Amino acid sequence: MDDSHSKNTHLFEEVMHDRFLPEPSSNLSERIIEASKLHKAQGRSGIDLWMRAFWDAFLLPHPAYVMAAIFAVGLFLGLYSEIAGSLDAGSSLSSLIYTAEDVSEGDWL
Amino acid sequence: MVDPDNMNDEDLMARIKRGDHQAFAALVRRHSTMFYACAFRVSANRDEAEDAVQDAFLKLWKNPSVWDATRGAKFTTWFYRVVVNTATDRIRKNKRLVSGGDMFDTMPDNADAQDDVLVATEEQQILESAIQALPERQKLALNLCFYEGLSNKEAADTLGVGLKALESLLMRAKAGLKQILAERGLIERDKQYG
């Protein structure tokens, strides 16, 4: 059985190695090189490369952007409710405070 | 100045990033045939494979910063992934255009493609359709390890899976192929397959 198994394995390897692969066109490399001449590569100048590297230094992974956005929204909502609350509190407080204008002269006398 | 032909791939990439077209040409001449073979094994069509290799190299030329040398991967290992993904995307697009049918049905209708099929022997056609019938990741694992000669570690990196997962993919691919080839009478049926 071992003998037939190893023979079969050998046969399998032979079939696998016999896989069909046609030659590429003789000018494949030149075709690619010629096509590349039509395309302008990005970011080649020194300043451009420097700017790209500078910008990349500030890049954050996507989860960090999401966290930052959540934090910003939370901060905004927190500040908004605090400001709105303080405005309401300010108006109700002002109704309790008497100032000189609220008191007529007659009341003093 | 160093001749680009005498430079290694990673140094050529550093020059390509600075816009050196000679370095790009050297890289293309050095590897286009090897990556064509890789693309052909994904698409089973010469024109499609050539277009996939061209697309992959043009992507690299247009935006060489996608190659990050600091990650420590060999250029060829990384570029295998680019070529495999490009060839796979092209197949998916073709399949969307021509839904249903097997691999050879989805190929562009041209004389060259027909010749390719005719030149292959019946045995090779059976093998090709058996390989193409494998699940995509099993097929890629088999192509990279068996035909492209990548080490298991390199193939695992290319596919973005762990070593154990790659070994499992390979094992299942070979078992599936043996079964199909035995059913088609190319090899004897192993006892373990009944």
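Counting restarts for each chain, with residues numbered from 1 along the sequence as it is written. Whichever chain is written first is A, and whichever ligand is written first is 1; the rest continue in order. In keeping with the predicted nature of the model, local features appear solely for residues at pLDDT of at least 70, side-chain atom pairs appear and are counted solely at 80 or more, and the whole-chain, interface and lining totals rest on all residues.

### Structural notes on the overall build of chain B
Item 1. Numbered from the N terminus, helices here are DSSP runs of H or I no shorter than four residues, and strands are runs of E no shorter than two. Counting its secondary structure elements, chain B contains nine helices and zero strands.
Item 2. Of all 194 residues assigned to chain B, the portion counted as buried reaches 37%.
Item 3. By the convention adopted here, residues are in contact when the distance between their C-beta atoms, placed from the backbone, does not exceed 7 Å. Pairs at least 24 residues apart make up 57% of the contacts formed inside chain B by residues separated by at least 6 positions. Residue burial here comes from a neighbour count, namely the number of other C-beta atoms, placed from the backbone, that lie within 10 Å of the residue's own C-beta, with 20 or more meaning buried, 12 or fewer meaning exposed, and in between meaning partly exposed.

### Section: the overall build of chain A
Item 1. Scanning chain A from terminus to terminus reveals five helices and zero strands.
Item 2. Walking chain A from its N terminus toward its C terminus, one meets helices and strands in the order α-α-α-α-α.
Item 3. In chain A, which comprises 109 residues, the proportion classed as buried is 6%.

### Notes on the interface of chain A and chain B
Item 1. Opposite the 26 residues of chain A that make contact, chain B presents 36 residues.
Item 2. Taken together, the elements giving at least two residues each to the side of chain A that touches chain B come down to α1 (2–17) and α2 (28–37) of chain A.
Item 3. Looking at which element gives the most residues to the side of chain A that touches chain B, the answer is α2 of chain A, with seven residues.
Item 4. Under the scheme applied, nonpolar residues are Ala, Val, Leu, Ile, Met, Phe, Trp, Tyr, Cys and Pro; charged residues are Asp, Glu, Lys and Arg; polar residues are all the others, including Gly. Taken together, the residues that form the side of chain A that touches chain B break down as 14 nonpolar, eight polar and four charged.

### A few points about the confidence of the model for chain A
Item 1. In this model, chain A carries an average pLDDT of 76, and 63% of its residues clear a pLDDT of 70 or more.
Item 2. Taking the mean pLDDT of every element in chain A, the minimum, 60, falls on helix α5 (residues 105–108) of chain A and the maximum, 93, on α2 of chain A. Per-residue confidence from the predictor is reported as pLDDT, a score between 0 and 100.

### Observations regarding unusual backbone geometry
All names here are of chain B.
Item 1. Here A44, not a glycine, exhibits a phi torsion of approximately 60°, which is positive.
Item 2. Tracing the chain through its elements places A44 in the loop between α2 (21–43) and α3 (46–62).
Item 3. We classify A44 as buried; it has 25 C-beta atoms within 10 Å.

### What to know about the nonpolar core
Residues and elements named next belong to chain B.
Item 1. The nonpolar core is taken to be a set of buried Ala, Val, Leu, Ile, Met, Phe, Trp, Tyr and Cys residues joined by way of C-beta atoms within 7 Å. In terms of nonpolar packing, the biggest core is built from 52 residues, with F35, A39, V53, A56, V83, A87 and A141 touching the most fellow members.
Item 2. Per-element tally for this core: the top contributor is α2, with 12 residues.
Item 3. The contact partners of A56, leaving out residues within four places of it in the chain, are F35, V82, V83 and T86.

### Description of α2 of chain A
Item 1. Regarding α2 of chain A, the residues found buried are L28, S29, I32, I33 and S36 of chain A. Along the axis of α2 of chain A, the buried positions cluster into a sector of 135°, meaning they face one direction only. For α2 of chain A, the exposed residues set more than 90 degrees away from the buried face come down to E34 and K37 of chain A.
Item 2. Buried residues belonging to α2 of chain A abut α2 and α3 of chain B. Picture the helix axis, draw a direction to every C-beta atom, and the arc is the one those directions span.

### Thoughts on the packing of α2 of chain B against α3 of chain B
Residue and element names in this part refer to chain B.
Item 1. For the pair α2 and α3, the least separation of the axes is 8 Å and the interaxial angle reads 135°. Taken together, the axes of α2 and α3 lie oblique to each other. Handedness of the α2/α3 crossing: right-handed. Packed against α2, whose contacting residues are F24, V28, S32, F35, Y36, A39, F40 and S43, the element α3 presents R46, E48, A49, E50, A52, V53, A56, F57 and W61 at the interface.
Item 2. The residue inventory of the contact of α2 with α3, partitioned by class, reads 12 nonpolar, two polar and three charged. Orientation is described by axes fitted as lines to C-alpha atoms, over the contacting stretch for helices, and by angles from 0 to 180 degrees between their N-to-C directions. Orientation categories follow fixed angle ranges, with anything under 35 degrees roughly parallel, anything over 145 roughly antiparallel, 65 to 115 roughly perpendicular, and all other angles oblique. Two helices cross in a left-handed way if the nearer one is turned anticlockwise from the farther one by less than a right angle. They cross in a right-handed way if the turn is clockwise.

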